[in-house]
Amino acid sequence: MLSAQSVPVVRATLPAVGASLTTITERFYQRMFEERPDLLRNLFNRTNQVTGSQREALAGAVAGFATLLVERPDERPDAILSRIAHKHVSLGITSDMYPLVGRHLLGAVAEILGDAVTPEVAAAWDEVYWLMANALIATEARLYAASGVDNGDVWRQMVVTERRQESADAVSLVLSRPDGRPTAPFRPGQYVSVRAQLPDGAHQIRQYSLSTAPGRESWRITVKRERGADGSVPDGEVSSWLHAHAKEGDVLDVSLPAGDLVLPDADTPIVLASAGIGITPMLSMLDHLTLTSSARPVTVIHADRNPLDHVHRAEQAALVSRLSGADLHLWYENDAHHVPGTHVRAGRATLDHLDLDPTATAYLCGPLPFMRAVRGQLLAKGVHPSAVHYEVFGPDLWLSK
Ligand SMILES: Cc1cc2nc3c(=O)[nH]c(=O)nc-3n(C[C@H](O)[C@H](O)[C@H](O)COP(=O)(O)OP(=O)(O)OC[C@H]3O[C@@H](n4cnc5c(N)ncnc54)[C@H](O)[C@@H]3O)c2cc1C
Ligand code: HEM
């Protein structure tokens, strides 16, 4: 909880700080990477730094947290930090890194806002930072403890035991422990981080959802190659590297699983809505439901450009057919190819014709416009906003855009 003396100061300065937050977070990263260029090379996603998406995600999180602190001073706004904590844990972030970030973030606030940052204002925002930092540190410590590892000790070597081309642009990698022992447990919907050493020597880290159920001997990730648009934008660094280099027998640096979009065991109705490569966490959930012989009502919605781009199409249909309570609804933007036993439609996904149970819990994964549209339609059908969960395959800009 923010101290009584800081509440009015943060409330009074929130509009000014909020209006400059993207500039502040931009300056924050510049300052921090001037001091620690190794962090940009080997820990942060350097493409997100070029495109600016990470500073927007950070600005959105700080603004959201500070707003909650002043508007609902009696609540702990830790829930909005859950996604960040899981991401940090998948990167092995530790508590000793927080003073560096705090120093540069608050230094950037002072630089950008100048004389407006009196000692009183600086102290109040320092308090906001440390409330966030301590909440993150505590959640991250709990997550490390739940995985039975020391703080930050998440990196393991995994062997690629199978590589399968799923479509022109997607490849699956089956990952096993080098000692042949069972892989670490996880919850359906979670992801791992993969750390690749790129040709210039930098280590770049990206997240990939586990696309089969927990409890299987191996993990599987499915990686879509991100191609740069019209030749002027570079191809995605890690996905291209994995497509070009990862082969059977290779050893990859892979983190322990993390992620807060998970499917709790229950018998209530669910909606799984994905688009494109967003199918991966949904496959893990479906595989888990079949392995546990679940009879819960499951509405599976998937949208793709065309059947050839729809990765794991046959596997998804087979999993749904093994679930007594599940229905599959497909949309192809370019080609409504008929798949027996499924409802295939042309165009963009809509829930108009679906008879949905308003008590359903929904899990969404795909591009933001797809998820926004589906969420709006779910709410229009009576699904409660708190029952709609989502995963973004990048920094979470849902709240900041
Ligand atoms: C929780 C989570 C789960 C995920 N699960 C999966 C999964 O199951 N499968 C999967 O394939 N992906 C998944 N992702 C996405 C994955 O982590 C990577 O973001 C993705 O592989 C792209 O990484 P990259 O290094 O290839 O591209 P990056 O180098 O990070 O580039 C990203 C995009 O930006 C473009 N770009 C590069 N430079 C510029 C520039 N200057 N201006 C504008 N654009 C530029 C690239 O062409 C590319 O399209 C997941 C992400 C998260 C956060
Ligand atoms: C209060 C302090 C912090 C806040 C509010 C914060 C906030 C965030 C946010 C919002 C994201 C994006 C999450 C997402 O949507 O996926 C993120 C990711 C990340 N954070 Fe933090 N963070 C903090 C501290 C730290 C520290 C101490 C480090 C270590 C140096 C760190 C390293 C990272 C990295 C490497 C990523 C992934 C970036 C990327 O992939 O581009 N963070 N953080």
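You'll find the structure just up there.
Residues numbered from 1 in each chain as written. Chains lettered and ligands numbered in written order. Predicted model: local features only at pLDDT ≥ 70, side-chain atom pairs only at ≥ 80, totals over all residues. Heavy atoms only, no water.

Draft legend 1. Examining the packing of helix H5 (residues 82–91) against helix H7 (residues 119–146) more closely. Two elements in contact, H5 and H7, have axes whose closest approach is 9 Å; the angle formed by their N-to-C orientations is 55 degrees. Relative to H7, the element H5 lies oblique. The hand of the H5/H7 crossing is right-handed. Together, Ile 84, Ala 85, His 86, His 88 and Val 89 of H5 and Leu 136, Thr 139, Glu 140, Leu 143 and Tyr 144 of H7 make up the contact between the two elements. (Axes fitted to C-alpha atoms, helices over the stretch in contact; angles between N-to-C directions. Helix = DSSP H or I, 4+ residues; strand = E, 2+ residues; numbered from the N terminus. Parallel < 35°, antiparallel > 145°, perpendicular 65-115°, else oblique. Left-handed = near helix turned anticlockwise from the far one by under 90°. Contact = heavy atoms within 4.5 Å.)

Draft legend 2. Broad picture of the sheet that holds strand E10 (residues 343–346). On the basis of which strands lie adjacent, the open sheet formed by six strands has the order E10-E9-E8-E7-E11-E12 and parallel pairing. Both edges of this open sheet fall to E10 and strand E12 (388–391), since each of them pairs with a single strand only. Ignoring strand direction, the axes of neighbouring strands in this sheet form an average angle of 15 degrees. Sheet topology places strand E8 (residues 298–304) next to strand E9 (residues 326–332); seven bridges connect them, and they run parallel. By the bridge assignment for E9, His 302 is matched with Leu 330. (Pairing = 2+ DSSP bridges.)

Draft legend 3. Highlighting the pattern of salt bridges. As enumerated under the stated definition, the model contains 20 salt bridges in all. Arg 83 is paired through a salt bridge with Glu 391; the nearest N and O atoms lie 2.7 Å apart. In this pair, Arg 83 sits in helix H5 while Glu 391 sits in strand E12, placing the two residues 308 residues apart along the sequence. Assessed through its relative accessible area of 16%, Arg 83 is described here as buried. The salt bridge partner of Arg 216 is Asp 287, with a shortest N-O separation of 2.7 Å. Of the two residues, Arg 216 is situated in the loop between strand E4 (203–209) and strand E5 (219–224) and Asp 287 in helix H9 (residues 279–291); the sequence distance between them amounts to 71 residues. The class of Arg 216 is partly exposed, set by a relative accessible area of 34%. The exposure class assigned to Asp 287 is buried, which follows from its relative accessible area of 6%. Residues joined by salt bridges that share partners form a network here, namely Arg 27, Arg 31, Glu 34 and Glu 111. (Salt bridge = Lys/Arg side-chain N within 4 Å of Asp/Glu carboxyl O. Buried < 20%, exposed > 50% of the residue type's maximum accessible area, 1.4 Å probe, protein only.)

Draft legend 4. Just the environment of Trp 155, in detail. Mapping Trp 155 onto the fold places it in strand E1 (residues 155–167). Looking at Trp 155, the relative accessible area reads 17%, which means it is buried. For Trp 155 and Val 262, which are 107 residues apart along the polypeptide, the C-alpha to C-alpha distance reads 21 Å. Filtering out sequence-adjacent residues up to four positions away, Trp 155 remains in contact with Ser 90, Leu 91, Ser 193, Val 194, Arg 195, Ile 205, Asp 253, Val 254 and Ser 255.

Draft legend 5. Spatial organisation of the site of ligand 1. Taken together, 29 residues lie around ligand 1, and Thr 47, Arg 206, Gln 207, Pro 234 and Ser 239 are the ones closest in. Thr 47 places a polar side-chain atom, nitrogen or oxygen, 2.7 Å from an oxygen atom of ligand 1. Between ligand 1 and Ser 239, the relevant distance is 2.5 Å, taken from an oxygen atom to a side-chain nitrogen or oxygen of the residue. Contact with the protein chains removes 83% of the 970 Å² of surface that ligand 1 exposes when unbound. Elements that contribute at least two residues to the shell around ligand 1 include exactly helix H3 (46–51), E4, E5 and helix H8 (237–245). A total of four residues in the shell around ligand 1 trace back to one element, the largest contributor, which is E4. (Near = heavy atom within 4 Å. Polar contact = N/O pair within 3.5 Å; in protein donor to acceptor, adjacent residues only side chain to side chain. Areas by Shrake-Rupley, 256 points an atom, 1.4 Å probe, with all protein chains shown as cover.)

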